[in-house]
Amino acid sequence: MIKIISLIFLLTLSTQLFAQPLAKDKLIKLQEIIELFKINSNEKATKTLKSNESMLIEALNQCKDAKAYMLLGRAYFYAAMDSKAKNSLKMALKYDSSLPDAHFFIGLINLYSNNLDSAEKSFRNAIQLNNKNENYFVELGRTLEYKNDTKSALIEYKNALNINKENFSANFYSANIYINQRNHKEAEKLYLTALKLKPNNLSINYNLGQLYQNTKQHNLAIKYFSRVIELDPSDWRAIAKIIQENQAIGKTAERDIAVKKMYKLWVNGESKKLIQQGFYIREQQKIDKGNLFVLEYFELKGEHPRKYVFNVQDPVTRNVVFTVSLGSYNWTTQVSRESGNIGPKDRVYHLDGYAPDGTHITYAFFDSEPEYDTVRSLVFKVFSGTHRPLSSTEPSNSN
């Protein structure tokens, strides 16, 4: 028994004897690299890391300094050299298993590579060693959220907030969960706390605008969407929201100013996504028949181009149950030109309804492009049943 205890003591002692600290100059070099990453001098930091890599690894192999391995692991992590980062962090734990940050950074690597079970395990290991670090709880919460366990994620975010109620990420991620749960009151409180911490954060301002739009607090929605545009004038989604919200409260002049901004963005090609999409959502609201979304296309393209599309969605399935659109088809325009009803450069427009079963209803014709408000008024008469169609066709039943 005495021999066994003595052997264990000697093994422990031998590890401690061989685990000498890294030379001061090399330790300073590692810290210098990490500081460069912290100030976002990533290119210089990565170059310095690579040029000193062999020297640092050779020195570490000789001294077996756990904390130095930890620093090297962090440097590799910041340089997005994940495999080398994980190896260095594992070496740190080999020589000192009580380093919570080593578990934490391994957890981050696993999280970013979508290895969620391993990430959760690493974050829990870090928390077991140090339950006073708010970031450990935040990243565990994020991992659980990615695993669709939002209930547990909220618990971890609350743990982070118990340590620091002004943790931006914990407030923001918690609010996002509450939004999805339609707990707007709790989400609002957390978003506003996060906003105080980062008043120029685009996501916070946009999400608050969305919250107030969903709760029909239109003026507040406009306030926060306007803030997004102040911070990023090219944010076309926020401009679309300004159009929608001003429509909702009948401020058509302000709406039209925003529409001009939207077209300017499109003409200037400032958003690749907007160019590819070719339209934006001009209006959205709940009506008796379902949820209404109005699409406005920037240009008439193809054989059957459409300018405005009023889609009514089933609120449960979100399937489109009826569509009314203002179109200007090439063949109808050509016929009207040849018959002399319109000029050689003019186009004829028509308002049509479409049902999923193939039913097609024509409601009106226009010899030139009508204003949006004219189209909108007519469409709502269609929805209310007060406008009679000009013609309709139904699919034939094949037996």
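Below or above, wherever it landed, is the structure these notes cover. All values reported here derive from a predicted model rather than from experimental measurement.

**A look at the environment of N311**
Alright, step 1. You can see N311 is positioned in strand β3 (residues 306-313).
Alright, step 2. For N311, a relative accessible area of 15% gives the class buried.
Alright, step 3. Expressed as a C-alpha distance, the spacing of N311 and L292, which sit 19 residues apart in the sequence, is 5.7 Å.
Alright, step 4. Setting aside chain neighbours within four positions, we find N311 in contact with N291, L292, F293, L295, V320, F322 and T323.
Alright, step 5. Among the polar contacts listed, one links the side chain of N311 to the side chain of T323, at a separation of 2.7 Å.

**Considerations on unusual backbone geometry**
Alright, step 1. At N40, a residue that is not glycine, the phi angle is positive and equals roughly 65°.
Alright, step 2. Here N40 is to be found in the loop between α2 (24-38) and α3 (42-63).
Alright, step 3. When its relative accessible area of 63% is taken as the criterion, N40 is described as exposed.
Alright, step 4. The backbone of A80 shows a phi angle near 60°, a positive value even though the residue is not glycine.
Alright, step 5. Judged by relative accessible area, A80 falls into the exposed class, the value being 62%.

**Digging into helix α12 (residues 202-214)**
Alright, step 1. Taking 1.5 Å per residue, 13 residues should reach 18 Å; α12 reaches 18 Å between its end C-alpha atoms and fits that length.
Alright, step 2. Along α12, the residues classified as buried are I204, N205, Y206, L208, G209, L211, Y212 and Q213.
Alright, step 3. At its buried positions, α12 is contacted by α10 (168-180), α11 (184-197), α13 (218-231), α14 (236-248) and β1 (279-287).
Alright, step 4. Where α12 begins, the capping side chain belongs to N201, and its oxygen is found 3.0 Å from the backbone nitrogen of S203.
Alright, step 5. In the stretch just after α12, K216 is the one whose phi turns positive, near 60°.

What counts as what
- Residues numbered from 1 in each chain as written.
- Predicted model: local features only at pLDDT ≥ 70, side-chain atom pairs only at ≥ 80, totals over all residues.
- Heavy atoms only, no water.
- Helix = DSSP H or I, 4+ residues; strand = E, 2+ residues; numbered from the N terminus.
- Buried < 20%, exposed > 50% of the residue type's maximum accessible area, 1.4 Å probe, protein only.
- Contact = heavy atoms within 4.5 Å.
- Polar contact = N/O pair within 3.5 Å; in protein donor to acceptor, adjacent residues only side chain to side chain.
- Expected span 1.5 Å × (residues − 1).

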